[in-house]
Amino acid sequence: MDFIGPSKCDEARMSREMDIENVWKDLTNNKGFVETYALFGPTIDFFREAQSCYQNSAYMATALMCRATTEIGIYYLVSRYVNKYSPEDKTVLEIKKLLEIGDQWRTIFQVAKTKCDINENLELVINEIREAGNFVAHYAQKMDKRDFNHLVEKESWFTRDKALEILKKTVLVINHLLKHTYERLPKNS
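Residues numbered from 1 in each chain as written. Predicted model: local features only at pLDDT ≥ 70, side-chain atom pairs only at ≥ 80, totals over all residues. Heavy atoms only, no water.

Peer 1: Give a description of the packing of aromatic side chains that names residues and reports values.
Peer 2: In total, this model carries five aromatic pairs according to the counting rule given. Aromatic pair Trp24 and Phe33: ring centres 6.2 Å apart, planes at 80°, arrangement edge-to-face. With 5.4 Å between their ring centres and 20° between their planes, Trp105 and Phe109 make a pair best called stacked. Highlighted residues: Trp105 and Phe109, both in helix H4 (residues 105-115), separated by four residues, approximately one helical turn. Comparing Trp105 with Phe109 shows no difference in burial state: the two are buried. An aromatic cluster is built from Trp24, Phe33 and Tyr37, whose rings are joined through pairwise contacts. (Phe/Tyr/Trp six-rings, centres within 6.5 Å; stacked < 30°, edge-to-face > 60°. Helix = DSSP H or I, 4+ residues; strand = E, 2+ residues; numbered from the N terminus. Buried < 20%, exposed > 50% of the residue type's maximum accessible area, 1.4 Å probe, protein only.)

Peer 1: An account of the nonpolar core is requested, with residue identities and associated values reported.
Peer 2: Ranked by size, the top nonpolar core spans 49 residues in total, and within it Leu27, Ile74, Ile126, Phe158 and Leu167 carry the most contacts. Among the elements that line this core, the one with the most residues is helix H8 (residues 160-183), at ten residues. Excluding its chain neighbours within four sequence positions, the residues that come into contact with Leu167 are Ile20, Val23, Phe47, Ala50, Gln51, Tyr54, Thr62 and Cys66. (Core = buried A, V, L, I, M, F, W, Y, C linked by side-chain atoms within 4.5 Å. Contact = heavy atoms within 4.5 Å.)

Peer 1: Could you give me a rundown of the pattern of salt bridges, with the residues and numbers involved?
Peer 2: As enumerated under the stated definition, the model contains 13 salt bridges in all. The partner of Arg48 in a salt bridge is Asp45, with the nearest N and O atoms 2.5 Å apart. Of this pair, Arg48 and Asp45 both sit in helix H2 (residues 33-55), three residues apart, which is roughly one turn of that helix. On the accessibility criterion, Arg48 (33% relative accessible area) is partly exposed. (Salt bridge = Lys/Arg side-chain N within 4 Å of Asp/Glu carboxyl O.)

Structure (structure tokens):
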């Protein structure tokens, strides 16, 4: 039972750092990352936390943080807008709150689907991220539905591969939000 106790998070740390470096490049090389950062800063901050979890082999925490990252990004997309933008400086000058939407995910997501051109494929990706986070958030209830031997086998835990896949899917969603927002920045503010 070598999996009981603290994890040995430094065994493959260098390769995990390479993974997150590549994922980070996929995010930061996206057109619109710099220009929309002022609006999506909290989203990016939560994603950095997700990467830190992955880097330290906290894979279930990675899934939770990716869920939070996705939900925060989508919330900011539907509840705020860039009112003034300087294209010369690539700087957001003013952000305004668009509406009070509350915290009901269904409402937020329905507005986002309409506002942000979220197609079926992207909706599936978002749902996969949320399901992974939900699995972790409600782990005890999920385990009650399985037999104890399955838990002992540790098959139900998040693996490094699962966590990396969720990180990559989260970048896909964030990049869509950034691109959508970038394309709609006011050009003459």
